[in-house]
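A structural walkthrough
Residue-level listing of the chains:
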Amino acid sequence: MPTFYVSSEEYTNTPNATKCTIVPVTWVQQEDTSGMQKEVEHLDELIHRLNEDRANLLRKINSVQANTRPLPSEILSTIFQFARPPIDFSSRRTLAEFPEDITLRRDNYEPADDLQLVLGAVSYHWRQIAWQTPQLWTMISVEVYEPISDSNTAILDLYFQNARGLPVTIELDIRAQLSLLRYSDDAEERSKLLSRLEPIWTSVFVNNAHKIQKLILLGLPLEWTSSLGPNLAYCQDLTLYWPRAYDDMWERECNLSGLSQIPKLQHIGLKTFSLL
């Protein structure tokens, strides 16, 4: 690496001249980092493959060591159904029973509602059986709460997929989002809020509407009321909750004309609740 020396003052041979100071200046050639970046990418790929191999080995260990492995799949499936029976929404607290100062977060959540997800996490063998037992996936209660609306959509899609051809009952709680919409006076901001909910709307009212037998909607946005129509071809029971403060707005803007086009609809419940 070359080294050069330069003086800080002009050098002279006269007696009164100030002696110059010699300052070493080193020119450093910048090292090429592209090779190191490629090595980092290679290590990232290697770590990813190792993690996948580790996960596969752990699944095999769980399958081999599981005490329930000798049980026939049909027996284990029946046990799972006893452990996670269908949700009895009629016996749970409804919004009509809540006090006036209810908080937005539902306080009647039951951990057993999602027990099949816990069962599927025990081992690969259990997961296969739980995912292939459609009776475990026919009832779902979902609370849409930012910023986890994407995970809500994934859960909904998982239930619809695993329920296969069985009719599904859904309790969809959108009160938290309705509160945000309530305080959004700007049309553009309201549109953004609704767009974040669009994947859930698509999952329930477009892709899987024909699979729904019973639908409970808590805090349905006004813009969604027009979706309640013939797309819910096999829905027999529909219950809507909306804020009491929205009574006048609902009368003016909600569109429930599509309800008459739901061929199998036998019961409609319209109820109100207080929104903070």
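The residue numbering used here restarts from 1 in each chain and proceeds along that chain's sequence as written. Side-chain atom pairs in this predicted model are given and counted only at pLDDT of 80 or more, local residue features only at pLDDT of at least 70, and totals for whole chains, interfaces and linings cover all residues. No hydrogens and no water enter the side-chain calculation; it runs on all heavy atoms of the structure.

Under an unreviewed UniProt entry, the protein chain has the name F-box domain-containing protein and belongs to Leucocoprinus leucothites.

**Structural notes on the overall build of the protein chain**
A run of H or I in DSSP becomes a helix once it reaches four residues, and a run of E becomes a strand once it reaches two; helices and strands are each numbered from the N terminus. Summing up its helical and strand segments, the protein chain has eight helices and seven strands in all. In this scheme, a residue with accessible area under 20% of its type's maximum is buried, one over 50% is exposed, and one in between is partly exposed, where area comes from a 1.4 Å probe on protein chains only. Within the span of the protein chain, comprising 276 residues, buried residues form 37% of the whole. Within the protein chain, contacts between residues at least 6 apart in sequence are counted, and of these 70% link residues at least 24 apart. Areas reported as accessible are Shrake-Rupley estimates using a 1.4 Å probe. Residue values count occlusion only from the protein chains shown. As displayed, the protein chain offers around 17000 Å² of accessible surface, 54% of which is attributable to carbon and sulfur atoms. Here, two residues are considered to be in contact whenever any of their heavy atoms come within 4.5 Å of each other.

**Details of the confidence of the model for the protein chain**
Averaged over all residues, the pLDDT of the protein chain equals 77, while 70% of them reach at least 70. Taken element by element, the protein chain is modelled with least confidence in strand β1 (residues 3-7), mean pLDDT 43, and with most confidence in strand β5 (residues 212-218), mean pLDDT 93. Each residue carries a pLDDT score, the predictor's own confidence in it, on a scale running from 0 to 100.

**A short note on the side chain of Thr133**
Tracing the chain through its elements places Thr133 in the loop between α4 (124-131) and β3 (139-143). At a separation of 2.8 Å, a polar atom in the side chain of Thr133 contacts the side chain of Ser77. N or O atoms closer than or at 3.5 Å make up a polar contact, with two conditions inside protein: a donor-capable atom paired with an acceptor-capable one, and, for residues adjacent in sequence, both atoms drawn from side chains.

**Considering helix α2 (residues 73-83)**
Those residues of α2 that sit buried are Leu76, Ser77 and Phe80. Down the axis of α2, the buried set is contained in an arc of 105 degrees. They therefore lie on one face. Turned more than 90 degrees away from the buried face of α2 sit Glu74 and Phe82, all of them exposed. Where α2 is buried, its residues meet α3 (115-120) and α4. This arc is taken over the directions from the axis of the helix to the C-beta atoms.

**Let's talk about the side chain of Thr138**
Within the secondary structure, Thr138 is located in the loop between α4 and β3. Separated by 3.4 Å, the side chain of Thr138 and the backbone oxygen of Gln135 make a polar contact. Once residues lying within four places of it in the same chain are set aside, the contact partners of Thr138 are Leu166, Pro167, Val168 and Thr169.

**Thoughts on the nonpolar core**
Among buried residues, the Ala, Val, Leu, Ile, Met, Phe, Trp, Tyr and Cys ones that are joined through side-chain atoms within 4.5 Å form a nonpolar core. Within the largest apolar cluster, 42 residues are counted, with the highest numbers of intra-cluster contacts made by Ile170, Leu172, Leu215, Leu217, Leu228 and Leu238. Where this core is concerned, the elements lending two or more residues are α2, α4, β3, α5 (149-162), β4 (168-173), α7 (187-207), β5 and β6 (237-243). Ignoring sequence-local partners within four residues, the contact set of Leu215 consists of Ile170, Phe205, Leu228, Leu232, Cys235, Asp237, Leu238 and Thr239. Ile87, Met139, Ile216 and Tyr241 belong to the second largest nonpolar core, which has seven residues in total.

**Remarks on the packing of α2 against α4**
Running from N to C, α2 and α4 point in directions that differ by 75 degrees, and their axes come no closer than 10 Å. With respect to each other, α2 and α4 are oriented roughly perpendicular. Between α2, through Ser73, Leu76, Ser77 and Phe80, and α4, the contact on the second element is made entirely by His125, Trp126, Ile129 and Ala130. Each residue receives one of three labels: charged for Asp, Glu, Lys and Arg, nonpolar for Ala, Val, Leu, Ile, Met, Phe, Trp, Tyr, Cys and Pro, and polar for the others, Gly being one of them. Classifying every residue of the contact of α2 with α4 by side-chain character gives five nonpolar, three polar and no charged. Inter-axis angles, ranging from 0 to 180 degrees, are taken between N-to-C directions of lines fitted to C-alpha atoms, where helices are fitted over the stretch in contact. Orientation categories follow fixed angle ranges, with anything under 35 degrees roughly parallel, anything over 145 roughly antiparallel, 65 to 115 roughly perpendicular, and all other angles oblique.

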